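# Coordinates in review
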Amino acid sequence: MTCRMFEDKQHASLYQKYRFDPPDELKELILQYLEKKKGKPHQLAVDLGCGTGQNSRSLTPYFQQVVGIDVSESQVEEARAVPGFPNLSYRVGTAENLPFPDGSVDLLTAASAAHWFDTEGFIKEAVRVLKPHGCLALFGYGDNMKMHHESCGDQLNNIYEEVKQILLPYTSTRVTGANSKLKDLFEAIPFPDKERIEIIPIKLQLSIKNVTGFIQTFSMYQAYLRADPNAATALLEKTASRILDELKVSSTEAKVDFIMEYFCVLACKPE
Ligand SMILES: C[S@@+](CC[C@H](N)C(=O)[O-])C[C@H]1O[C@@H](n2cnc3c(N)ncnc32)[C@H](O)[C@@H]1O
């Protein structure tokens, strides 16, 4: 059954503002895999659960055509509002029912999204639409993110851990699936040629404003906001103010190192 946790317009606009592009290291890993397994031409990439299109846009220089698909109309509306990508289009739809002919897709991606799909329905469609030697790249990050700034690593991490604990009761079991780095989904992929890279460490520099904005995009934060709007808003304000105190700065534009662990499932369809 499709999970509808990303329908709200306000949530979609937070996505556009605060979700970041996939890191270059990861993009290169995926493109090199596709190059090695299938080679050119790179005609069609399909980005499933595209949200507001960060990953879809990043694929456009490498494919003749990119299509982003998401079940949420609000997310697709935000994605379509970004101009300047003539070979990119979006459709509202599900990963379990793809609008492409058999054997027509070079690369299927899902960025922080595959844990929301129905495994059986999605895999059946992936097997059907991929070309022979076409590839699947499903990636995301776990919840063990760390913050660091000069000497205040531990204190910043304690603040983040406290936020995680508060949001824990609002965390969908689907997100727990992402935290297991798509182990079950990986095992269900019927291609013999597949691999699961469990840790790809990535360091970003994020402003305090972007850290709290990113937290706001989490499905569990949105669930908390629905359940207790005052407490959820207060949590964000308190988090920002505690980080400001630790850094001894007054502007939320001040930056911290934000360290994440990406994972990636790669698979290649046989002849
Ligand atoms: C955590 S968001 C990730 C969005 C984006 N890929 C990113 O990296 O920011 C997950 C997205 O998957 C979409 N989604 C969930 N289930 C889906 C399904 N069965 N088919 C297509 N999209 C789905 C949601 O609407 C949401 O936009």
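Residues numbered from 1 in each chain as written. Predicted model: local features only at pLDDT ≥ 70, side-chain atom pairs only at ≥ 80, totals over all residues. Heavy atoms only, no water.

By the definition in use, this model includes 7 aromatic pairs. An angle of 85° between the planes, with centres 5.9 Å apart, marks the rings of F214 and F258 as edge-to-face. In this pair, F214 is assigned in helix α9 (residues 208-217) and F258 in strand β8 (residues 255-268), connecting sequence segments 44 residues apart. Both residues of the pair, F214 and F258, belong to the buried class. Each member of the aromatic cluster is reached from another via a ring pair, and the members are F20, Y141, F214, F218, F258 and Y262. A cation over a ring is seen here: K194 above F186, with NZ or CZ 4.8 Å from the ring centre. (Phe/Tyr/Trp six-rings, centres within 6.5 Å; stacked < 30°, edge-to-face > 60°. Helix = DSSP H or I, 4+ residues; strand = E, 2+ residues; numbered from the N terminus. Buried < 20%, exposed > 50% of the residue type's maximum accessible area, 1.4 Å probe, protein only. Lys NZ or Arg CZ within 6 Å of the ring centre and 35° of its normal.)

For the rest of this paragraph, the subject is the pairing of strand β4 (residues 105-111). For a regular strand, the rule is simple: side chains alternate between the two faces of the sheet. Within β4, 6 of the 7 residues are buried, which leaves it mostly tucked inside the rest of the structure. The pairing of strand β1 (residues 44-48) with β4 spans 4 bridges and is classified as parallel. Bridging from a neighbouring strand, D47 pairs with T109 of β4. Here β4 pairs with strand β5 (residues 130-141) via 6 bridges, running parallel. By the bridge assignment for β5, L108 is matched with L136. (Pairing = 2+ DSSP bridges.)

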